[in-house]
Structure formats: structure tokens, C-alpha cells
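Read off the chains here:
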Amino acid sequence: MCGIVAVIGSREAAPLLLDGLRKLEYRGYDSAGIATIESLEKVKKGSLTSRKAKGKLTNLSSLVDEEGSSGHIGIGHTRWATHGKPDEINAHPHMDQEGKVAVVQNGIIENYRLLKEELEAQGIKFASETDTEVIPHLISRELKELKSKGFDSNGLTLLTAVQNISTLLKGSYALAVIWVETPDSLVVASKEAPLVIGLGESEFLCASDTPALAGFARTILPMEDREVALLTPLGIELYNSEGIRQQRTPSLLTGVEHVVEKKHFRHFMLKEIYEQPEMADLWIARHFPKGFAEKAQVALPFDDSFYEPIEQIQIVACGSSRHAGMIGAYLLEQFAGIPTAVFYASEFRYAPSPLTPNTLVIGVTQSGETADTLAALTMEVNRREGQKDTAYQPRLLAITNRVDSSIARKVQHILDIGAGLEVGVAATKTFLAELLAFYGLTIAFASHKKSKTDIEIKNFIHEIQSVPHYLREVVQKHDQISEVLAHQFSGTKDVIYLGRGINYPIALEGALKLKETSYIHAEGYPAGEMKHGPIALLDPHVQVISIANPGIVFEKVLSNSQEAKARDAKLIGIAPESAELEIFDKILPIPEVSELISPLLTVIPMQLLSYHIAANRGLDVDQPRNLAKSVTVE
Ligand code: AGP
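Residues numbered from 1 in each chain as written. Predicted model: local features only at pLDDT ≥ 70, side-chain atom pairs only at ≥ 80, totals over all residues. Heavy atoms only, no water.

Trainee: Before we go on, may I ask you to explain the overall build of the protein in this structure?
Mentor: Within the protein, the regular secondary structure consists of 19 helices and 25 strands. Taking 2.2 N^0.38 as the reference for a compact globule, 634 residues should give roughly 26 Å; the C-alpha atoms of the protein span a radius of gyration of 26 Å, in line with that estimate. Seen through its C-alpha atoms, the protein measures out along the principal axes to roughly 80 × 55 × 45 Å. Considering the protein as a whole, with its 634 residues, one finds that 60% of them fall into the buried category. Contacts spanning at least 24 positions in sequence make up 72% of the contacts within the protein whose residues lie at least 6 apart. (Helix = DSSP H or I, 4+ residues; strand = E, 2+ residues; numbered from the N terminus. Rg over C-alpha atoms; globule rule 2.2 N^0.38 Å. Buried < 20%, exposed > 50% of the residue type's maximum accessible area, 1.4 Å probe, protein only. Contact = heavy atoms within 4.5 Å.)

Trainee: So what exactly am I meant to see when it comes to unusual backbone geometry here?
Mentor: Comment: phi is negative for the bulk of residues other than glycine, and the bulk of peptide bonds are trans. The omega torsion across H92 and P93 is -5°, close enough to zero to call that bond cis. With respect to the helices, strands and loops of the structure, P93 is situated in the loop between strand 4 (73-79) and strand 5 (94-95). Phi at R226 is positive, roughly 65°, even though this residue is not glycine. Given the relative accessible area of 41%, R226 is considered partly exposed. Even without a glycine there, the phi angle at Y519 is positive, about 60°. The partly exposed category is assigned to Y519, whose relative accessible area is 26%.

Trainee: Which parts of the structure should I look at to understand the packing of aromatic side chains?
Mentor: Geometrically, a pair of aromatic rings is defined through the distance of the ring centres and the angle of the planes. Taken as a whole and assessed by the stated rule, the structure comprises 10 aromatic pairs. Judged by centre distance (6.3 Å) and plane angle (70°), the ring pair of F302 and Y307 falls under edge-to-face. Y307 matches F302 in its accessibility class, with the two residues each being buried. Between F306 and Y307 the ring centres are 4.9 Å apart and the planes differ by 90°, which places this aromatic pair in the edge-to-face class. This pair shows no difference in class: F306 is buried, exactly as Y307 is. (Phe/Tyr/Trp six-rings, centres within 6.5 Å; stacked < 30°, edge-to-face > 60°.)

Trainee: Help me out: how do you make sense of the pairing of strand 24 (residues 570-576) in this one?
Mentor: Across the 7 residues that make up strand 24, a large majority, 6, are buried. Inspection of the sheet shows strand 23 (residues 543-547) paired to strand 24 by 5 bridges, in the parallel sense. Bridge pairing in strand 24 places I547 opposite I574. This β-α-β element, strand 23 to helix 18 (residues 554-565) to strand 24, shows right-handed connectivity. (Pairing = 2+ DSSP bridges. Right-handed = clockwise from strand over helix to strand, strands pointing away.)

Trainee: When you look at the domain arrangement of the protein in this model, what are you seeing that I'm missing?
Mentor: A common way to report how large an interface is uses the accessible area buried once the components associate. Considered domain by domain, the protein is made up of domain 1 (3-252), domain 2 (262-465) and domain 3 (475-634). Spacing between the C-alpha centres of domain 2 and domain 3 amounts to 25 Å. Contacts between the two partners involve 41 residues from domain 2, matched on the other side by 39 residues from domain 3. Around 3,500 Å² of area is buried between domain 2 and domain 3 when both sides are counted, 65% of it from carbon and sulfur atoms. There are 1 salt bridge connecting domain 2 and domain 3. At the junction of domain 2 with domain 3, the criterion picks out 19 residue pairs in polar contact (both at pLDDT 80 or more). (Domains from an automatic or database assignment. Buried area = accessible area lost by both parts, 1.4 Å probe. Salt bridge = Lys/Arg side-chain N within 4 Å of Asp/Glu carboxyl O. Polar contact = N/O pair within 3.5 Å; in protein donor to acceptor, adjacent residues only side chain to side chain.)

Trainee: Explain the site of the ligand to me, please; I cannot follow it from the model alone.
Mentor: Around the ligand, 15 residues are found, and the nearest of them are S321, T365, S367, T370 and E516. Between Q366 and the ligand, the recorded distance is 2.8 Å, taken from a backbone N or O atom to an oxygen atom. Contacts to the ligand include E516, whose side-chain N or O atom sits 2.7 Å from an oxygen atom. Bound to the protein, the ligand loses 92% of the 410 Å² it would expose on its own. Put simply, the parts of the chain that give the shell around the ligand at least two residues each are helix 10 (319-334) and helix 17 (504-518). When its residues are assigned to classes, the shell around the ligand shows 6 nonpolar, 7 polar and 2 charged. Residue-level mapping places the shell around the ligand at the junction of two domains, with at least three residues from each of domain 2 (262-465) and domain 3 (475-634). (Near = heavy atom within 4 Å. Areas by Shrake-Rupley, 256 points an atom, 1.4 Å probe, with all protein chains shown as cover. Nonpolar A, V, L, I, M, F, W, Y, C, P; charged D, E, K, R; others polar.)

Trainee: What exactly am I supposed to notice about the side chain of S405 here?
Mentor: When you line up the elements, S405 lands in the loop between strand 19 (395-400) and helix 13 (406-410). On the basis of relative accessible area, S405 is assigned to the buried category, the value being 0%. Residues within four places of S405 in sequence aside, it is in contact with S367, G368, E369 and T400.

Trainee: For this particular structure, what's the right way to read the sheet that holds strand 10 (residues 204-207)?
Mentor: Sheet strands associate in pairs through backbone hydrogen bonding, adopting either a parallel or an antiparallel arrangement. Here we have 8 strands laid out as an open sheet, ordered 3-2-4-1-10-9-11-15, and antiparallel in their pairing. Looking along the sheet, the strands with just one partner apiece sit at the ends: strand 3 (47-54) and strand 15 (251-252). Relative to strand 15, strand 11 (residues 219-222) is paired through 2 bridges, and the arrangement is antiparallel. Its bridge partner being in strand 15, I220 is matched across the sheet by S251. Along the sheet, helix 1 (residues 13-24) contacts strand 1 (3-8), strand 2 (31-38), strand 4 and strand 10; its crossing angle with strand 1, the most-contacted strand, is approximately 155°. (Axes fitted to C-alpha atoms, helices over the stretch in contact; angles between N-to-C directions.)

Trainee: Sorry, what's going on with the environment of I461 here?
Mentor: Mapped onto the fold, I461 is located in helix 15 (residues 454-465). Separated by 176 residues in sequence, I461 and A285 place their C-alpha atoms 12 Å apart.

Trainee: Would you mind showing me how to read the nonpolar core here?
Mentor: Within soluble globular proteins, side chains that are nonpolar generally end up buried alongside one another. Residues I362, L441 and F445 are the most contacted members of the largest nonpolar core, which totals 91 residues. A domain-level breakdown of this core finds at least three residues from each of domain 2 (262-465) and domain 3 (475-634). In this structure, F445 is in contact with F306, Y307, I310, I313, L332, A336, I338, L360, K450 and S451, ignoring residues within four places of it in sequence. Counting residues in hydrophobic clusters, the runner-up holds 29 residues, among them V103, Y112, I165 and A189. (Core = buried A, V, L, I, M, F, W, Y, C linked by side-chain atoms within 4.5 Å.)

In C-alpha cells, the structure reads:
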């Protein structure tokens, strides 16, 4: 994770760096730091200043206000801790021993222990526990080596040093480097981690993600894997891993939302939960334009050749996106009749299933930057590209909220979920938008594969079209119910969520939302699995939340809930009001809809209950501890 920014140009660097970091804070907020160099002209000698603060960016901003940080070149970092505690000592930028080279990094240097031992044996003293710190020491050593061979103190020398030491680094990284001896040169490098250069007027800003460039640059140059660039006020020199100069035309920066306000909401998470009905309305308008529903069709950006060869589907994703993928798999199998498997991206990468022909591999990721998902797809492309039989060629689809992200550059097909910027770290509206994308894909496959009749498809579409109306009702109602109910959870330590069939992933999602926002231990189980072990956990202190929606598993879920009740667990049911189910101590009512579309509604009480429990406990709902919105490390 972590966000990095780097700037060089004519304006003061510190405010630009802080502004960029503010827009990247979703990538981590354990600590933040900047380093700037004051130019040679002003002080006759380069002077490097570093400011770092533990915790959120506001702490760093106050420090910079108090102590200052001047210069027209600088680098900045917002950290999600991997190696070393989230304290000031481990905050980036990291420096070499003489304080001449400063580096910010996003990624993981996997062989840092070996490199550190080697450097320590040469007398280098380390100041932090991070993996990153080996980099400034290696660069410093390399610069000395180059200078001893007659290289001057200039930008190309710094670039050469970074190129040379990059061959020693294992793992993935995006890094930015400044050197006190070259206050007009900034070097950035990327390997399997995103980095985008923004082109301003006589200035350049480089960042982990495009939102940091909004308001600064209109054109951008996304760096490709293993590229290194030298940025000076005069221009960009871009080199590939073989050291060959690259020429690429910059592209326009589009689709970045500049300002997102909380409006009258206390937290972004609540605002984003409330945005879901309108988002679903827009999705329906976009995908079922006039005449489409009547013809049992959905408007997706793919032609017949996309659907026809597909015999099976594999979905790779993490966290909430994997839960959305599980519901997608249920729909694709049960409605469209296509065998579909779902994998944790982090597991699939190292233990992929045997290659199957004519397989669509779907990566689901709202951010488009999740390292595990990207790595799983890269691995899949690599092993498929080696096959002679064209049936095994890679067929990749990304379901994402960021069409300008790394995943979008990796795949042939993109399904834009169009949820708009989500600020809350806990996914809410992007989860629902991913679900909607799967409903659309399911209809398209069912229609192409003729696995359902037109009447069945039309009925399904009509049900989906009714969802925004129900969503409005459910969001309003459950905001009020959950606000009151949350007080009952003030001493709760364990919550178990039960669901079956298409609502089992909603039980997982409910548990994940509660863990993330409230730090309460929570687990989701398929209701029928409880009796095989987890039931031993139940006692009067454990809260059980059971999703009981009428359908093929309705009675089964009720029986499983009875089993929990018999063990004195406190029982809440997410069920239709009309069902009058006396086994539940409390019912969180949802409209009576078909089982197939029910996850679009049953997830809402889950989101709102988690939100209100966390808000009631006074927690940082939008930026929970230890988390980040975009998980860019393995
Ligand atoms: C969701 O609330 C979580 N913050 C997390 O599980 C997330 O879904 C996961 O990291 C995957 O993110 P992505 O959708 O951006 O790939």
C-alpha cells in the first residue's frame, strides 16, 4: 500500500506534496512524511529537509506549518505499515547515513534482510526497521562508486545509480529519490507497483494514483513495469529495464473526481450507503436502455465473440470484492448455467487450478490496484500465453470502479461498475455496484447461451429494475433501526452471521464490515455448517445474525437458526416482516423479493448495523485502524 508523491518545478514543493498526499491518504494513514531540497542558487549548497509525523496527514501538515520545508523539489509518503511499527522512526522518507539521499517507497523489498546484513557488514548504521531503508543506503554507495569512476553530480548519475541498484532489489516497488547534490533532478522507478507522472506547466508531479494529480496536471504518463524516469524542470527522460530511452505520448487525465464532500452526513461511509439507490438507478438506466429489457437483453460493452467461446469462468478477488464474486458465481452457475469457481487472489497466484480451455478469468477489484489480484491475473496471462492451443489463450475481464487503473491496463475487457469515488475504507456502494455488474453479466451470458428463456430473463430484469425502489425504503428504515439497535452491541465481543445459498456471501460480508469498522470479532458461516463445529462457540453472550429470505433454503436457515437459539445465543433475523418468525429476538425487516435478487437488499442492514455500532463506539469509521483503501502489497 502506501501512497507516494514527488514533485519538481517552479513552485514550493511542500504544499503540492501535502495536497497530493491528502488525496492518497486512502492508501494508508499510519504515518506521513516529506523531504524537500532547497536549490543551490539560494543557499550555494543543496540543503535537504525532512519532516515526518506519526498518524494521519494532519499531524504532518501541522509540523510543516510550524517548522517549514522549503524547496522546489520534494518527495512525500503516506504509510501503511508493513515492516516496522507505525511510528515516526519508520515513517518515510528514509535517508542514507549522510542525509544526502532521500527515498519514498510503496511496495515490499523481499530480500531486504540480506541487503541489510551486507550493508551493515560494510559499516552502515540503520535508523529504522523498514525494508525501504536499504534503498537510500544502496543508492548512496552506488553514487560514491560512480563518482569514483568520474561521473559528475548530475541527474543522469542519479538515474544510473537507481538503475544499477534496482537489479539488486527483489519484490515490487514504486519509488522516488532525491539527492542533495542534484536539486534539479528527481528520479522515479516502478516495478509491479503503480506510478503515474503528471505533466504540469514547467513542473512534474509523480504519484501512486491519478487522484493526486487532479488540479495539477491535464496530461499523464502512466509508468510501465520496470521503467525508470528522470524528471527535471526541462522534461522527462523515460527508460525501460534495458536502459533504452522510451518515447510515449502522454494521455489525458480523465474521470478523476476532484472534490468529494461529506454533505450533511457524519461520515463518508453513511453517505456512501445512502448513495446506493441512486447508483442502482443509474446502473439500470445505463444497462437497460429503451427496448433492452423488453428484448431480454442487457447493454454491456462486449460483442458476441466475447461470450461465445466461454465454457467456464474463474473469478479472482480479495475481501469484499471476493464476496461479490461469490454471489456472481452463484448467479452465473444457477441462472446462466456456466461452471464458475471463485478464488482468493492471494492463493490462486501460488496454487492455480489446472488450465482449462475457453475460460474467462475475471478479476474483481474496486480500486483496480490490489496487488494480489493483479499478480493472480499476471500469472494467469503468463501461463496461458505459453500454450499452443488457442482454446487456452488468456481471456481476461476486469470488474472495477477505476477504468484508469493498473488492472484496466492488464486485461482485454473492462466492466466499469460506475460507483463514483468511494472514500470510506469499508466498501459499501462499490460492493453493491460489483454485484450489479454480475447481475448484468449473468443476464448477458444467459441470453447468449440460451440457458434461460426470454420470458425468464425478462422477469429477472424486471425484478432487478425494482431494486432501487426497495433500496430507498431499506436504507431509510435500517438507518433508524440500526442506530437504536447499535446500543445493544456496546459490550458485544463476538458476532456470528449465518446465511445459505446466495446469501452465504452476504453473511461473510456482514462479518467483514463489522470487523473492519468496529473491531468486534465476527465470522460468517453457511448456516448448515454451524453444527459441524462452530456451534461450540455459542453461549448467551454471542450474538447471531441470520439471513432468512424466502426461497429454496428458507426453512433450512430457520432450522439452523433454531439450533443456535437452543444454545441460548441472542438471535437477530434479517427476514421479511410478513414472515412473523417468533424464533428471532428481533427482526431486521426486508421486502419480500425473490431469492436471486435478495443479496442486493440483505446487505443493507449489514452495512448500516456495522456503521452505527462503530459510530456509537466513537471509532474512526471512514479510516479504521490498520486498513487502507487500496492494498498494493502482496
Ligand atoms: C472492504 O471493505 C475491504 N476494505 C477490503 O476487503 C477490500 O474489499 C479488498 O482489499 C479488495 O479491494 P479491491 O476491491 O480494491 O480489490
